[in-house]
Each structure stands twice: as structure tokens, then as C-alpha cells.
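Structural characterization, general
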Amino acid sequence: MLKKYLLLFLILNFFRIVSAQDHPPKNELSVDLGLHFSRSQDLVYSPMIYKGGSPGFIRVAYDRKIKNGNHKLKIHYDQANTESTDLISFPGFGESSMREASTMGFLDFEYGYLREVYSKENFSLEAGGRLNAFAHLAEIVFGFNDDDGFLIAYTLSPQVKTNWQLSENRSLEIATAFPITSFVMRPLYSIVDNGQIQNEDSDFGYFHENGSFKGPGGLTRIQLEFGYFMALSPKVDFKVGYEFQYLKYKDPIQIALLKNNITAGLNFKF
Amino acid sequence: MNINKLMILIGIVIIPLAGCDDLFFEEEPNNDAVGNFESLWQTFDEKYAVFEQRGVDWDLQYEAFRPLLTENSSNEELYSAISGMLSSLDDGHVSLMAPGRAIYSSKEIFRTQEGADLFDLWMLLDEYLNNNYERIADQVFYGMHSNNIGYIFINHLSDPIDIDVILNDLSGAQAIVIDLRHNNGGDFTNGEEVAARFCDEHRLAFSGQPKDGPGENDFGDITEYYLEPAGTRFNGPVAVLTSRYTISAGENLTMYLNILPTVTVFGEATAGAMGERIEKEMPNGWIYSITGQVMRASDGISYEGPGLPPDVPFVNRIEDVQNDIDSLFLTAVNHLKNQL
């Protein structure tokens, strides 16, 4: 109970502080929650497409406006239990076992920079780039064994964002980005990874040793982000959003991820 | 274009795309008898690593079993065709799991249990340890056979074994029998921890080479596994007992141990399934497992199929076991006594 009052106190004070400022805000902090729908197919493990959805989407972003542009830091995580086929019961060693759904998680850190390149009436266009470090992590459960599927990458992408000021207190943003170079880590073709077994205490270093650099088209990541903003006050916006994301990588064999996120959140300007 | 038209375009183009599997993914195999059969056959064809070692022509298996099925074949017919095809591999790491059925093992003796009764742990513990033994869950049983010979039975390697505690408890032993008969595997690094206590110096134990592409000759780099001395050391003579039911990580442990000059292996050749076992799924949800890697012993030979040969071949007689005599154990003990 004490924690709830403390949280409420902090939130109210945050609103009070951000509302009290009278200079043009240079900073934005946004928090979004949402519904996440996932489809994935990793041919290293299975030819089947895993599908599932959950309210397991969260994103926190910080924007800092400077004279010539806008820096953005963003972290987002989504997770869903997914299934591809009937979850059969099968006889174990002396007892019946039930197949379990496979958990798919996606964690993405992003730093981006955007600069306005065109502006006319209620429309503006910004261009820049973004660096992402993301990890798709899958716990794939068939029978007695769990396999850890993954696609981990660092990417550099040009990005474009458009903004329409629809009215005094409503606006629409659309942003997109495509990686042009990336460093990608994936399981081996047959999963059997003797080197990883021998280095199981240092997976992080081992994965990096076995990653590979890719140029344009090596890693496909299409991101389309739509945000509709409604100003609740000069310092606070309400936002609803939709994100489409498609990832494809073909080494050693194809993995494809399709993500649809429907989000809602608040932007605090200070 | 005004903003309303743009929003409509987005709605028309993007949202239906988001649910269109054909555009974004490889086509899934059909969930009928033929689709399920083809999916399994194809996965073996591209990812199974030891056709050559097992002398199986997979294309011939396709020709033999695929014609038995149509799209409308029943689950019974599908199960019969697949299990028949898998039996050609006679691989203890290949199995099929389907609802309402016992696990089908490709390895014939695992189905028939032929010779499984040539080892009776409880009889051995009673007759040769006088039921005076320590037990770690269902994994390890150990004690002293006589004043100077210790006995360790390792049932599986799924969990780490505190081998230092065991060796301290057996501190009076001048020689040790490590019984790996019926060891059903687990994590081979747990076996490495055990073997390191008997190791005198850095030694090559075995190597692994995984499949890394769909072609029959697509294999990745060879990784060599070495054994290093570690923990509480035991330098006396060791007898390792193996059977046809010693499999997987149990065989890896056998390979770790039989490179050591103090170790002699007695018994039967092992099950011959050393490569990593990997599980896969069929469109109907059934599960099966394959072998994804070729393992080779320190002599560079793959014993996938025939199994690791013992230094001293010996098979118990069922009459002896029924009369509470484990002749293999006694043979190993006599050997150890002669070493002391």
C-alpha cells in the first residue's frame, strides 16, 4: 500500500514540475504500453510459423531537442507465448508430458538522430540515422529439450520521419528505417554448437566472436511506426500508435519475424 | 494527398499485409499424411549427420515408404510408415513421440530391451556392496566393494555430479570401478567433470563436427575436446564398465576416460549414438529427434553405429545374473586387484 502512495506521489509531482515550466520544452519522455502480435519462422528449428499475441509490449523513450536536430534514446521490449501446431501430450519416461508454448521475446535499444530537412505549412520531414542493438530470443520447446533460438544484431539505419500538424492539438507522425549495415549473430545450422558448449560461461563473448558483418540487404528490417498525438496539456500528449516490423535474415538458413504492435502512451515534455 | 487519404491508404495497404503469411515466410508443409512425411524426410535429408556411418541410403528409404501414404492416409498409417523408415537408422538418438503411444526408438534393442537384464544394479549393490552404499537421487550410487576397491554407478549425466565428495567418501579406495552400464546420457560436460578427477595431463578426448548445410557433405569445423586434470585427483587403476545401453553423454564419458593410462574398459560395445540429439516437430505436432553431429574418438574414428569397443569384451550370462553373479563386475575387480 505504501508503495502505491509513493508511486502516486511521484507521478503527481512529476506532472506538477513539468506543468510549472514556462520555457519551450526541450525534452520529452514517453512511455507506451500495448498489444503485441508476433509471427515467426526460424528454419534452423522448424518449418512451422509460430503465432501468438499478448499485452506484453512496453517502450520508454527520451527525446532531447538541440539547435540542429533531435536525439532520441529508446528501449522497447515485447514478449508473447507462441504456438505453431497442436500442443500434444506425449509419453515421457514413466509419465505423460505436455508440449509447452514457445516464448518469444524481443529487446531493442535504439539511439537515433534526426534533423529537419523540409518544412511547409503543417508538414515537416526529418531525416537522420539510428543505431540499434536488438535481440530476438526464443525458447523453443519440443519434447524433452529446450532450444534457445536467437537473432541478435547491431544495425545502422538511415531513418525518415514525417509530421503532420492536423490541428492545434492533434498531430500524426510516420517514421521508417532500413538497416544498411549490421553485425548479426545466429545459431549454427544444426544447432549443435560445440564451441558454445565449451564456452557456456561466456555466451556473450562467444556470440560476438561468431557474428558476421553484413552490408545492405544482408539483414532485412522494415520498420513502420505510426503515432497519433493528442495534446492533453502544453506539457503532456496522449499518443496511440501502430508499429509494423518485419525482420528477415538468411544465414545459416532463414529466420523471419513479423511483428504488429498497437500501443497507447503518454509524452511528457519538460 | 491530404492526410485523410493517406490514412486510408495506410489502412488498405499495411494492415492486410501484416497478416499475409505467404509474403513474409517460407511455405509451411501441409498438415496431412504426405506433408508430415515429407517434412520429416526432408529434415533428416538436410540435417541428419550420420547417414554414412550408419550405412543408410535415405533416398532409398523415401522410395520404400513414401508410396505407402496418400494425403488421406490415417495417423496409424503415417506412424507406421515413419517408424518403419526411422528403424533403418537403428540410432539410439532417433525417436518419434506421438500422442497416446510409447516413445518409438529407432534403435531396435531399445524397443526389444534385448540384453537389458544382463545388468542388475540392485543385485550388485546387495551382493558386492552388502547394501552399504550412498545414493544421490537416481543418478549416482557408490560405496566400497572391499577394503580397497571403490564402486561408482552413474545412471545418467543430466545433472552435475559432486565427484569430489564421492572421492572423499571413497578415500580408502586404491582402485575404482566406474559402472556406466545403462547410463542414458545427459550433459556431457557433467561427465567431463567426473573424468577430470582421473586425468593426469592435458589429453585429446574426442572431436565433434556438426552438419552445417543441406548437402550430404556440408559439415562445419571440427571442434576438439580435451580433458584437463581438476579437483580431487585419483591416480589408482580404474575399471570402466559399459553395455549396449550406455548411450550419448555416457559414451562421451567413456571416451573421456578411456584415453587415460590408468583406465581399462570392460563389457560390451556402447550404443553408438554420440552426436548431439536434436528434437524437431512435424506439422501435426508430433515430435522426433535427429543426430546433428559426427563425433570421433581420440583415434579419429567415428563409432557412431557400432559403438565404442571395450578394451576387454565381456558379456554377462543371464544364468549368472539370475544367480546373483555379476561376472563382468568380478572380472573388472580381479583386474584391478592384479594392478595393485
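Residues numbered from 1 in each chain as written. Chains lettered and ligands numbered in written order. Predicted model: local features only at pLDDT ≥ 70, side-chain atom pairs only at ≥ 80, totals over all residues. Heavy atoms only, no water.

Here we look at the overall build of chain A
To keep things clear, this is the line we draw: What counts as a helix is a DSSP run of H or I of at least four residues, what counts as a strand is a run of E of at least two, and both are numbered from the N terminus. We call two residues in contact when some of their heavy atoms are within 4.5 Å.
Counting its secondary structure elements, chain A contains three helices and 14 strands. Excluding contacts between residues fewer than 6 apart, the proportion of contacts in chain A whose partners are at least 24 apart in sequence is 64%.

Describing the interface of chain A and chain B
Here is the rule: Defined here as a combined quantity, buried area equals the accessible surface (1.4 Å probe) lost by two parts on assembly, summed across both. Within this document, salt bridges are pairs made up of a side-chain nitrogen of Lys or Arg and a carboxyl oxygen of Asp or Glu, the two lying within 4 Å of each other. Polar contact is defined as a pair of N or O atoms within 3.5 Å, subject to the rule that within protein one atom must be able to donate a hydrogen and the other to accept it, and that residues adjacent in sequence are counted only when both atoms are side-chain atoms. Gly counts as polar in this scheme, as do all residues outside two lists: the nonpolar Ala, Val, Leu, Ile, Met, Phe, Trp, Tyr, Cys and Pro, and the charged Asp, Glu, Lys and Arg.
With 51 residues of chain A in contact, the opposing surface of chain B contributes 49 residues. Taken together, both faces of the contact between chain A and chain B bury some 4,000 Å²; the carbon and sulfur share is 63%. The interface formed by chain A and chain B holds one salt bridge in total. Our count for the chain A to chain B interface comes out at 12 residue pairs in polar contact (both at pLDDT 80 or more). Split into classes, the residues belonging to the side of chain A that touches chain B amount to 30 nonpolar, 15 polar and six charged.

A look at the sheet that holds strand β9 (residues 238-242) of chain B
Operational definition: Any two strands with at least two DSSP bridges between them are considered paired.
Reading across from one edge, β3-β4-β5-β6-β9-β10-β14 (chain B) is the order of the seven strands in this open sheet, with mixed pairing throughout. Each of the sheet's edge strands pairs with one partner strand only, and the pair in question is β3 (134-136) and β14 (312-313) of chain B.

Thoughts on the pairing of strand β1 (residues 27-42) of chain A
Every regular strand shows the same layout, with side chains that alternate between the two sheet faces. All names here are of chain A. In terms of strand pairing, β1 meets strand β2 (residues 50-66) through 13 bridges, oriented antiparallel. Each bridged residue has a counterpart across the sheet, and for L29 the counterpart in β2 is Y62. In this sheet, strand β14 (residues 255-269) lies alongside β1 in antiparallel orientation, the contact comprising 15 bridges. Bridge pairing links H36 to N261 in β14.

Brief notes about the nonpolar core
Here is the rule: Nonpolar core, defined: a set of buried Ala, Val, Leu, Ile, Met, Phe, Trp, Tyr and Cys residues in which side-chain atoms within 4.5 Å join the residues together. Any residue under 20% of the maximum accessible area for its type is buried, any over 50% is exposed, and the rest in between are partly exposed; the area is computed with a 1.4 Å probe on protein chains only.
Core analysis: the biggest nonpolar cluster contains 43 residues, and B:F44, B:W58, B:L86, B:L89 and B:L96 have the highest contact counts within it. Contributions of two or more residues to this core are made by β7 (123-141) of chain A together with α3 (33-47), α5 (58-65), α6 (75-87), β1 (95-97) and β12 (287-291) of chain B. The next biggest cluster of nonpolar side chains, apart from the first, holds 41 residues, and it includes B:I152, B:Y225, B:I259 and B:Y303.

Points about the pattern of salt bridges
Residue and element names in this part refer to chain A. For the structure shown, the criterion picks out 31 salt bridges over all chains. Note that E110 and K74 form a salt bridge whose closest N and O atoms lie 3.8 Å from each other. Of this pair, E110 sits in strand β6 (residues 102-120) while K74 sits in strand β3 (residues 69-82), and the two are 36 residues apart along the sequence. For the pair E110 and K74, one class covers both residues: buried. Here the salt bridges share partners, and the residues they tie into one network are D32, R59, K239 and E243.

Let's talk about a negative patch on the surface
Residues and elements named next belong to chain B. What counts here: To count toward a patch, a residue needs a relative accessible area above 30% and no salt bridge. Like charges then connect within 9 Å, nonpolar side chains (Val, Leu, Ile, Met, Phe, Trp, Tyr) within 5 Å. Method for areas: the Shrake-Rupley scheme with a 1.4 Å probe, in which residue coverage is limited to the protein chains shown. In this tally, Asp and Glu contribute negative charge and Lys and Arg positive charge; neither His nor the terminal groups of the chain are included. To locate a charge, take atom NZ for lysine, CZ for arginine, CG for aspartate or CD for glutamate.
On the surface, a cluster of negative charge is made up of E52, D57, D59, E63 and E216. The topology assignment puts E216 in the loop between β7 (203-210) and β8 (223-227). With a relative accessible area of 69%, E216 lands in the exposed category.

Remarks on the side chain of B:E281
Among the structural elements, B:E281 can be located in strand β11 (residues 277-281). At 2.5 Å, the side chain of B:E281 forms a polar contact with the side chain of A:S46. Of the polar contacts made by the side chain of B:E281, one reaches the side chain of A:R99; its length is 3.0 Å. In this structure B:E281 touches A:S46, A:M48, A:Y50, A:S84, A:T85, A:R99, A:F142, B:W286 and B:Y288, once residues within four positions along its chain are discounted.

Here we look at the side chain of A:R99
If you trace the backbone, A:R99 turns up in the loop between β5 (96-98) and β6. A polar atom in the side chain of A:R99 sits 3.5 Å from the side chain of A:T85. The residues touching A:R99, leaving out its near neighbours within four places in the chain, are A:Y50, A:T85, A:L87, A:I88, A:F90, A:V141, A:F142, B:E281, B:G285 and B:I287.

Re the packing of α3(B) against α6(B)
All names here are of chain B. Note the following rule: For helices, the fitted axis covers only the stretch in contact; all axes are lines through C-alpha atoms, and the angles between them, taken along N-to-C directions, range from 0 to 180 degrees. Oblique is the label for every angle not falling under 35 degrees (roughly parallel), over 145 degrees (roughly antiparallel), or within 65 to 115 degrees (roughly perpendicular). Helix crossings get a hand from a simple test, with the near helix turned counterclockwise from the far one by less than a right angle marking a left-handed crossing and a clockwise turn marking a right-handed one.
At a closest axis distance of 10 Å, the pairing of α3 and α6 adopts a crossing angle of 15°. Our classification of the angle between α3 and α6 gives roughly parallel. When you trace α3 past α6, the crossing you get is right-handed. Counted together, A33, N36, F37, L40, W41 and F44 of α3 and L78, I82, M85 and L86 of α6 form the full contact between these two elements.

What about the packing of aromatic side chains?
How two aromatic rings sit relative to each other is set out by the distance from centre to centre and by the angle between their planes. Formally: Planes of paired rings set the category: under 30 degrees apart is stacked, over 60 is edge-to-face and the rest tilted, where pairs are Phe, Tyr or Trp rings (Trp by its six-membered ring) whose centres lie within 6.5 Å. Cation placement over rings: the criterion is NZ of Lys or CZ of Arg within 6 Å of the ring centroid and within 35° of the ring normal.
In this structure the tally under the stated criterion is 30 aromatic pairs over all chains. Between A:F123 and A:W164, the aromatic rings sit 5.1 Å apart at their centres with planes inclined by 55°, giving tilted as the arrangement. Here A:F123 is found in strand β7, whereas its partner A:W164 is found in strand β8 (residues 146-167), with 41 residues between them in sequence. A residue is classified by how much of its surface remains accessible, and A:F123, at 23% relative accessible area, is partly exposed. Between A:Y154 and A:F183 the ring centres are 6.3 Å apart and the planes differ by 15°, which places this aromatic pair in the stacked class. With A:Y154 in strand β8 and A:F183 in strand β10 (residues 181-185), this residue pair connects regions lying 29 residues apart in the sequence. Since its relative accessible area comes to 31%, A:Y154 is described here as partly exposed. Overall, A:F183 belongs to the buried group, its relative accessible area being 12%. An aromatic cluster of at least three residues, connected via ring pairs, comprises B:F37, B:W41, B:F44, B:Y48, B:F51, B:W58, B:Y62 and B:Y288. A cation over an aromatic ring shows up here: A:R221 above the ring of A:F134, its NZ or CZ 4.6 Å from the ring centre. Of note, B:K47 hangs over the ring of A:Y189, and the distance from its end group to the ring centre comes to 5.4 Å.

Thoughts on the sheet that holds β8(B)
All names here are of chain B. Pairing is antiparallel in the open sheet, where three strands are placed in the order β8-β7-β13. Each end of this open sheet is capped by a strand with a single partner; those strands are β8 and β13 (293-297). Across the sheet, the mean angle separating the axes of adjacent strands is 25° when strand polarity is ignored. Examined bridge by bridge, β7 and β13 share five bridges and lie antiparallel to one another. Within β13, the residue paired with F206 across the bridge is A297.

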